[in-house]
Amino acid sequence: MDALELLLQRRSIPRLAAPAPSGDVLENIIQAGLRAPDHGALTPWQFVICEGEGLTRLSTILADAAQTNGADEAAVEKARNAPLRAPMVVAVIARTRPHDKVPTIEQHISAGCATQAMQMAAVAQGFQGFWRTGAFAYHPAVREALSVEGDDQIVGFLYLGTPDCAPANAPKRESSKFVTYL
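These figures come from a predicted structure and were not determined experimentally. (Residues numbered from 1 in each chain as written. Predicted model: local features only at pLDDT ≥ 70, side-chain atom pairs only at ≥ 80, totals over all residues. Heavy atoms only, no water.)

Enquirer: I tried to follow the side chain of Arg143 on my own but got confused; where do I start?
Expert: Position of Arg143 relative to the elements: it lies in helix α6 (residues 140-145). For the buried Arg143, no salt bridge is present, and the opposite-charge side chain at shortest range is Asp152, 6.8 Å distant. Once residues within four sequence positions are removed from consideration, Arg143 is found in contact with Ala137, Tyr138, Val148, Glu149, Gly150, Asp152, Gln153 and Ile154. (Helix = DSSP H or I, 4+ residues; strand = E, 2+ residues; numbered from the N terminus. Buried < 20%, exposed > 50% of the residue type's maximum accessible area, 1.4 Å probe, protein only. Lys, Arg positive; Asp, Glu negative; His and termini not counted. Salt bridge = Lys/Arg side-chain N within 4 Å of Asp/Glu carboxyl O. Contact = heavy atoms within 4.5 Å.)

Enquirer: I'm lost on the packing of helix α3 (residues 53-68) against helix α4 (residues 73-81) in this one. Help?
Expert: Each pair of packed helices can be summarised by the angle the axes make with each other and by the distance between the axes. For the pair α3 and α4, interaxial distance at closest approach is 7 Å and the crossing angle is 155°. Taken together, the axes of α3 and α4 lie roughly antiparallel to each other. Crossing of α3 against α4: the hand is right-handed. Across from Ser59, Leu62, Ala63, Ala66 and Gln67 in α3, the residues of α4 making contact are Ala75, Val76, Ala79 and Arg80. The residue inventory of the contact of α3 with α4, partitioned by class, reads six nonpolar, two polar and one charged. (Axes fitted to C-alpha atoms, helices over the stretch in contact; angles between N-to-C directions. Parallel < 35°, antiparallel > 145°, perpendicular 65-115°, else oblique. Left-handed = near helix turned anticlockwise from the far one by under 90°. Nonpolar A, V, L, I, M, F, W, Y, C, P; charged D, E, K, R; others polar.)

Enquirer: Would you take a moment to explain the environment of Ala124 for this structure?
Expert: Along the chain, the position of Ala124 falls in helix α5 (residues 104-124). Judged by relative accessible area, which is 41%, Ala124 ranks as partly exposed. Along the sequence, Ala124 and Ser12 sit 112 residues apart, while their C-alpha atoms lie 13 Å from each other.

These figures capture arrangement, not role.
Here's what the structure looks like:
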């Protein structure tokens, strides 16, 4: 797929099935994430890949967090089922460190860029995905379970798999509404 076409046609696919990326394809996805812009060469990312039993563990972590919040049984079940919407979920964590020239926000943005690059690498190789963050990314129990401390942040959960539906049409966006010239 042409790189420009890939970027201009990007759409999230919410229904994913097996198989998930594996082998060289998965390694390409990881390597694409590792090429994200990285001021100061701090490599402020960590990727936690959940598949198989890892999805089950993530499911339990999210359900426990929902229960801790006092959620009703329907909300707990929704949290429990969230990771099972795809055969693989990659939790992308911004692992920050103090730096006099690279503020924490830049490190978080770098991890976000890594997430986008990974999604595009999956699509370029015939897979699909969607990026979710949501309240659980900030929940203390989820952070603890994924060893997220201090200024580190879960920047997203990247769901990956084989498309199980057609993408929705891309919304038409008039660039003049978003662009000004100085």
